[in-house]
Every structure is written in structure tokens, then in C-alpha cells.
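Coordinate inspection notes
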Amino acid sequence: MEQFLGEKAIRLACGHYEAILLPEIGGNLVAFRDTLRQFRFIREPGPDEMESFKKRPMVHGIPVLFPPNRYEDGKFPWNGATYQLPVNEAKTGNHLHGFFYNVPWEVDDYGADESSSYVVVAQRVTESHPAYASFPHAFTIKIRYSLSEDGLQQEVGVRNDGNEPMPCALGFHTTLNAPFAPGSTSADCRLRMTIGERVELNERMLPTGRLLALDEQESRLKGEGTSPFFASLDNHYTAAPQDGRNVMELTDTRLNVKLVYDAGTAYKFWMIYNGGGQGGFFCPEPQINMVNAPNAPFPAEKTGLVSLAPGEVWQETSRLYCVG
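Structure report, in brief. (Residues numbered from 1 in each chain as written. Predicted model: local features only at pLDDT ≥ 70, side-chain atom pairs only at ≥ 80, totals over all residues. Heavy atoms only, no water.)

What follows covers the packing of aromatic side chains. For the structure on display, the rule yields 20 aromatic pairs. When the ring of Phe76 is compared with that of Phe135, the centres are 6.0 Å apart and the planes differ by 80°; the resulting orientation is edge-to-face. Taken together, the residues Phe76 in strand β8 (residues 75-78) and Phe135 in the loop between β12 (116-125) and β13 (139-148) connect sequence positions 59 residues apart. Considered together, Phe76 and Phe135 belong to a single accessibility category, that of buried residues. The rings of Phe66, Tyr71, Phe76, Tyr83, Phe99, Phe100, Trp105, Phe135 and Phe139 are connected pair by pair, giving a single aromatic cluster. Against the face of Phe281 rests Arg43, its NZ or CZ located 4.0 Å from the ring centre. The ring of Tyr321 is capped by Arg319, whose NZ or CZ atom sits 4.1 Å from the centre of that ring. (Phe/Tyr/Trp six-rings, centres within 6.5 Å; stacked < 30°, edge-to-face > 60°. Helix = DSSP H or I, 4+ residues; strand = E, 2+ residues; numbered from the N terminus. Buried < 20%, exposed > 50% of the residue type's maximum accessible area, 1.4 Å probe, protein only. Lys NZ or Arg CZ within 6 Å of the ring centre and 35° of its normal.)

Okay, structure coming up:
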């Protein structure tokens, strides 16, 4: 095991790609680089940011969100019971982003062969796990990252290890540099995403029950592309796959190089956050379910919340890769 700014790290390398995962800080994959062209696709924490990153690693790397985003008053109704999640966002009075983004993950396996480099990390929740008190289910989350000449692949599985159906609510706060290339600026960046309708949020950042048509800039986002910083964004959208793919594409127009994030169609919603639209980074966040899904004023089938039967596994594969 290697070190990254004083933290235990696993480094993946294949060809001119490298990636770094921090197993003890949320199992967060904090770096994905093209070493030949000096591209840094993922926003990495710097030396002066590590302490704040450990407390709140939301805007660096690929934080794991289970459950993702906000839940009103921390309440999570399920099968006749109501789970009480910690209210950890004082300004909204909500629970935010789940249990696993800043805790240690187990390293199940890592290694390399002639064509790839990989690591497998896991969370195994039993009655003794801190999350169980708020989310009383036994389950396993396993993530396998592999690096090859085809880029970075993420394979995720959630297995219900208990005897009762459990809700499966998962997302990733994927944080990308814009620009990712040295010498380019935010003005060189064009973003496309397979979004459908905007989910209207209230002042507590919770769905109101209305789906909104896309405005002109959002329509460009879905179509030919636009700046990731056309406005201050903390917006929620339905996913609307195109040609069978649910993707984000970030193009450096100066170099004519495109980063593709093929999230997978099992993620039914996106969040887009851009830090106030100041430039430098943004977060295309795929998630299985709508914000506040079990409380949201929508029919259950519209919220995307998945029920896993005992022994059942939810899984999806995502890829980040470069074209050009």
C-alpha cells in the first residue's frame, strides 16, 4: 500500500493512466489521471485541504452516497416502519448523503495483470455496524475499480444479507475538474448530459412534486452541450438515456478531447452541482433514486427507490474514459 498526502492509498496503473483510492477515507477514488498528457480528470484534495476533506469529502474524488442526497427531517419510511437517520445538515434540517463517504472501507482484493490494475473495497453492515442503528438491515456494498487502456471502470454491487426486503438507495458525488487539461480554462469546457426533466426543489432542497420542462440552457445541456458554469447549479434531474446510454460528456474544445462518464441506466436520476458556478470543478452525480424518495410527493414508481429481496443483488457498471 502506498501513501497519498500522508494517507494510506492504493495506486492503480495501466499504460498512461493511473488512479488512487483511499480505503480509510470513504473508499474514495480521489485521482484519475492521464500521465502522458498531464490530464487530471477527478478533482483531487490538495495538501492544505486534507483535514477539511476528511471531515467532508463531498467535492473531491468519487464519494459513495448511501442513501444519496437529502431526507426530510432524517425520516426514511420503509415497509410500515420509519427509520430515523441523523440530521446532519443544520440549515435544511435534513439528513444528507448517508453513512459511508468518510468511514474506512475494507480492502477485499487488489492486483494487476498485463492488461489491467484493480482494487475491490467493501462495506459489510451487520448489527454491530454504526449504520445499523439508523438503517436496520444487514447488507454488503462492494465496489471494484479497474484501470485499463479503456479507462476507469467501476462495478458496484449491493446485496441484501438480511431476512427482510431492504431499500437500495445509492449514488456517487463524482467531482470532475473543468478544465482537466493544463493550459485550458473553464471557458474551454462544454458539457453534455442525458437529462430529462428538472425535479423542482423547495427551499429545503426537497422535491415539491412538480417536474419542470428544461429551460434554454438546460436544453442545450441535453443537446449540443453548454458551459458547466452557465448558472449556479444545485439541480436535480430525471435521467433520460440517449441511444441506450446514460452519460455525461465533458469536452475540452481547445484540444478537442472528450471525457465520457457512462454511468449506466440503472441510475434513474442526476444531481448537478457546480460550487456556485465559479468554475474549476462540477459534480455530475448519478443516483438510483430521487432526492427524499420515500417521503417525496410522487407515486412510488416515479421515485426510483429499489427494494431488494433477501439475498438479492443490485448491480451496475460505470466507466470514465477519454476520447481524442
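Moving on from the coordinates now.
Ranked by internal contacts, the top residues of the largest apolar core, which has 70 residues, are Phe66, Val158, Leu170 and Trp314. Considering each element in turn, this core owes the most residues, five residues, to β13. Listed in part, the nine residues of the second largest apolar core include Ala9, Ile20, Ile25 and Phe53. (Core = buried A, V, L, I, M, F, W, Y, C linked by side-chain atoms within 4.5 Å.)

Further remarks concern the side chain of Thr92. Here Thr92 shows up in the loop between β9 (81-84) and β10 (94-96). You can call Thr92 buried: its relative accessible area is 8%. Excluding residues that lie within four positions of it along the chain, Thr92 makes contacts with Arg70 and Arg204. (Contact = heavy atoms within 4.5 Å.)

Take the sheet that holds strand β5 (residues 39-40) next. The strand order β1-β2-β3-β4-β5 describes an open sheet built from five strands, whose pairing is antiparallel. Each of the sheet's edge strands pairs with one partner strand only, and the pair in question is β1 (2-4) and β5. Here strand β3 (residues 17-22) runs beside strand β4 (residues 28-34); their pairing, made up of six bridges, is antiparallel. Bridged to Ile20 within β4 is Ala31. (Pairing = 2+ DSSP bridges.)

Now for the environment of Arg33. Take Arg33: it is sitting in strand β4. We classify Arg33 as buried; its relative accessible area is 12%. Considered as a pair, Arg33 and Ala13 are 20 residues apart in the sequence and their alpha carbons are 9.6 Å apart. Those residues within four positions of Arg33 in sequence are excluded, and the remaining contacts are Phe4, His16, Tyr17, Glu18, Ile20, Phe39, Arg40, Phe41 and Glu44. There is a polar contact of 2.7 Å between the side chain of Arg33 and the side chain of Glu18. Among the polar contacts listed, one links the side chain of Arg33 to the side chain of Glu44, at a separation of 2.8 Å. (Polar contact = N/O pair within 3.5 Å; in protein donor to acceptor, adjacent residues only side chain to side chain.)

Of the two faces of β8, the one holding Phe76 and Trp78 is buried and the one holding Lys75 and Pro77 is not buried anywhere. Here four bridges tie β8 to β9, and the two strands are oriented antiparallel to one another. Its bridge partner lying in β9, Trp78 is registered against Ala81. Between β8 and β9, which pair antiparallel one after the other, the connecting turn spans two residues, and Asn79 there sits at a positive phi close to 50°.

This brings us to the environment of Phe180. As for its position among the elements, Phe180 is in the loop between β17 (176-178) and β18 (189-193). In the structure, Phe180 is positioned 147 residues away from Arg33 in sequence and 9.2 Å away in space, judged by C-alpha atoms. Residue contacts for Phe180: discarding those within four places in its chain leaves Gln38, Phe39, Arg40, Phe41, Leu250, Asp252, Val257 and Leu259.

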